[in-house]
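# Coordinate inspection notes
What follows is the residue order along each chain.
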Amino acid sequence: MTMRKIIHIDMDAFYASVEQHDHPELRGLPVAVGGAESRGVVCAASYEARRFGVRSAMSGTKARKLCPQLIFVPVNFDRYREVSRAIHRIFHDYTDIIEPISLDEAFLDVTENKVGEPMAVEIAREIRRRIREELGLTASAGVSYNKFLAKIASDARKPDGLCTIHPTQALDVIAELPVEAFWGVGRATAERMHLLGIRTGADLRERSLEQLTRHFGKAGRVFYDYARGVDERPVVYEWVRKSLGCERTFEENSTEPLVVEAHLAELVTELDGRLQRRHFSGRTLTLRVKFADFSVLSRSASFAEAFSAPDLLLQRGLVLLRALDYSDRPIRLLGLSLSNPPEELRPGMWVQQWLPFADDEG
C-alpha cells in the first residue's frame, strides 16, 4: 500500500498579517483585529502583539492593559475570504485533493500531484514561496504520511517554518510531545490525563487500548492510534453534503458571555469560509454546546429561506446561544452547523420565519 504524502498549510497570524500587508504602516507593530471597546473582542493578534500575551478571544480591554500600544483594526471578512481564495488557487496548481479546515488552514494530499513531483516537501516549499511572492504573506507547512503528523509538523516551526516528519522519525517525535499537542486533547482532557500520569506521547503509548477507552471512551481509541503514529483519515475533498459545520474546544472552560460569544464569532468565520468554498447554504442552524462535565446540549432553528451570509450566521447563532443559561455550567466546546439545503425542504416541513429580536444587534 502506497504511503500517503500529506501537507498541512497554516497561514501565520492570518487576519493580522493581511491587515499588515494591506497597511504597510502597521508592519512590525502590535496589531489586534477586533474591537477595543468594553465589549470588544480580539479576533486575531499579530506576532508582535502575542509577545505581550495578547491572543484571540481576549477582551479588548484586557488586551489593551497587556499592551498599551496595541493598534486595533476592524474585522474585514470579505478581504480575508478574498485572500483565502487566492491561496487555494495556488493549492489547486498542485492537487485538487484539498480539505479546508478554515480560511487560513488546509490539508493537501500530494501523493499523486499535478506537477509530478515525488517529494512532498518540495511542493510545500514551492507553495510557501508562491504565497510569499504573490500575496506578501507567510505560511507554515508540515509534511508527513498522515494528517495528525502533518499538523504536528506545521506547528513545530511557526511562524514561517517548514518541517517534515519522516516515518522513521514519527515514533520518536510523538514520544516527546506533550499530550496537549494531540488532536482532541483540550484543557480538561489534559488534566484528566495528568491525573493518570500521562504527560507525553511516550506515557500515552504505555497505556493499553482497554485503559484508554475506559477513561476516555471512543476518543481513547484515537489517542491509542495517534501515540503509535496511526491516523487513517483521508484528506476529504468531495462528497454530497447534507450539512456543513465546525466546532472549537476552548483552551479554558468559560461561563463568561464575552469569551463564549467571541468563540462563536470565530466559529462563524470558520464556517463561513467552508460554506463559501463548498457553495453550500441551508435553512437550519444548529448550535452544539459541550459543558465542562462533558454533557452536550443542542439547539436548532429553521427558517423559510436558505442562507449562508456570516452576519446572519452570527446574528442567529447569538440568539440560540443567549437563550441558554450557562452561568454555572462552564462551556468547553461550541459547534455550529448549517443543514437542510434548499432541495431538502419538503412540503409540510416545519420552518420558523426569522423575525428581528431586540438582542439581534450582537
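Conventions used here
- Residues numbered from 1 in each chain as written.
- Predicted model: local features only at pLDDT ≥ 70, side-chain atom pairs only at ≥ 80, totals over all residues.
- Heavy atoms only, no water.
- Axes fitted to C-alpha atoms, helices over the stretch in contact; angles between N-to-C directions.
- Helix = DSSP H or I, 4+ residues; strand = E, 2+ residues; numbered from the N terminus.
- Parallel < 35°, antiparallel > 145°, perpendicular 65-115°, else oblique.
- Left-handed = near helix turned anticlockwise from the far one by under 90°.
- Contact = heavy atoms within 4.5 Å.
- Nonpolar A, V, L, I, M, F, W, Y, C, P; charged D, E, K, R; others polar.
- Phe/Tyr/Trp six-rings, centres within 6.5 Å; stacked < 30°, edge-to-face > 60°.
- Buried < 20%, exposed > 50% of the residue type's maximum accessible area, 1.4 Å probe, protein only.
- Lys NZ or Arg CZ within 6 Å of the ring centre and 35° of its normal.
- Polar contact = N/O pair within 3.5 Å; in protein donor to acceptor, adjacent residues only side chain to side chain.
- Expected span 1.5 Å × (residues − 1).
- Core = buried A, V, L, I, M, F, W, Y, C linked by side-chain atoms within 4.5 Å.
- Pairing = 2+ DSSP bridges.

## Some thoughts on the packing of helix H4 (residues 77–92) against helix H12 (residues 257–278)
To characterise two packed helices, one gives the angle between the axes of the helices and the distance between these axes. Running from N to C, H4 and H12 point in directions that differ by 50°, and their axes come no closer than 11 Å. As summarised for this structure, H4 and H12 are arranged oblique, according to the angle between their axes. As H4 packs across H12, the resulting crossing turns out to be right-handed. On H12, the residues touching Phe77, Arg81, Ser84, Arg85 and His88 of H4 are Thr269, Asp272, Gln276 and Arg277. When its residues are assigned to classes, the contact of H4 with H12 shows one nonpolar, four polar and four charged.

## Some details on the packing of aromatic side chains
Under the counting rule described, the total for this entry stands at ten aromatic pairs. Look at Phe216 and Phe223: their rings are 5.8 Å apart centre to centre, the planes differ by 80°, and that puts the pair in the edge-to-face class. Judged by its relative accessible area of 3%, Phe223 falls in the buried class. Each residue in the set Phe14, Tyr15, Phe77 and Tyr80 is aromatic and connected to the rest through ring pairs, giving one cluster. Note that Arg50 overlies the ring of Tyr47, its terminal NZ or CZ placed 4.4 Å from the centroid. The positively charged end of Arg316 is found above the aromatic ring belonging to Phe303, 4.5 Å away from the centroid.

## Let's talk about the packing of helix H1 (residues 14–22) against H4
Packing of H1 against H4 leaves a shortest axis separation of 10 Å and a crossing angle of 95°. Here H1 is positioned roughly perpendicular relative to H4, judged by the angle of their axes. Residue-level inspection shows Phe14, Tyr15, Val18, Glu19, His21 and Asp22 of H1 in contact with H4, the latter providing Phe77, Arg79, Tyr80, Val83, Ser84 and Ile87. Grouping the constituent residues of the contact of H1 with H4 by class yields seven nonpolar, two polar and three charged.

## A few points about the side chain of Ser302
In this structure, Ser302 sits in strand E11 (residues 296–307). Of the polar contacts made by the side chain of Ser302, one reaches the side chain of Thr284; its length is 2.7 Å.

## Quick look at H12
Across its 22 residues, H12 extends 31 Å between first and last C-alpha, which sits within 8% of the 32 Å expected from 1.5 Å per residue. Counting buried residues along H12, 16 of its 22 residues qualify, which places the element largely inside the surrounding structure. Downstream of H12 by a residue or two, His279 has a phi angle that is positive, lying close to 50°.

## Focus: unusual backbone geometry
With an omega of -5°, the peptide bond running from Lys158 to Pro159 counts as cis. Non-glycine residue Asn340 carries a positive phi angle of around 60°. Within the secondary structure layout, Asn340 lies in the segment after strand E12 (331–339). We classify Asn340 as buried; its relative accessible area is 10%.

## So, the nonpolar core
It is characteristic of soluble globular proteins that their nonpolar side chains tend to be buried jointly. In terms of nonpolar packing, the biggest core is built from 36 residues, with Ile7, Phe14, Phe91, Leu108, Ile127 and Ile131 touching the most fellow members. Core analysis: the next-biggest nonpolar cluster, separate from the first, contains 28 residues, Leu297, Ala301, Phe303 and Leu320 among them.

## Focus on the sheet that holds strand E9 (residues 243–254)
On the basis of which strands lie adjacent, the open sheet formed by four strands has the order E9-E12-E10-E11 and antiparallel pairing. Two strands bound the open sheet, and with one partner strand each, they are E9 and E11. Strand-to-strand twist in this sheet, taken as the mean axis angle between neighbours without regard to direction, amounts to 15°. Pairing of strand E10 (residues 282–291) with E12 involves eight bridges; the strand directions are antiparallel. Considered in E12, the bridge of Leu285 is made with Leu338. Strands in contact with H12 are E9, E10 and E12; relative to E9, the strand with the most contacts, it is inclined by about 155°.

By themselves, these are just geometric observations and shouldn't be taken as functional.
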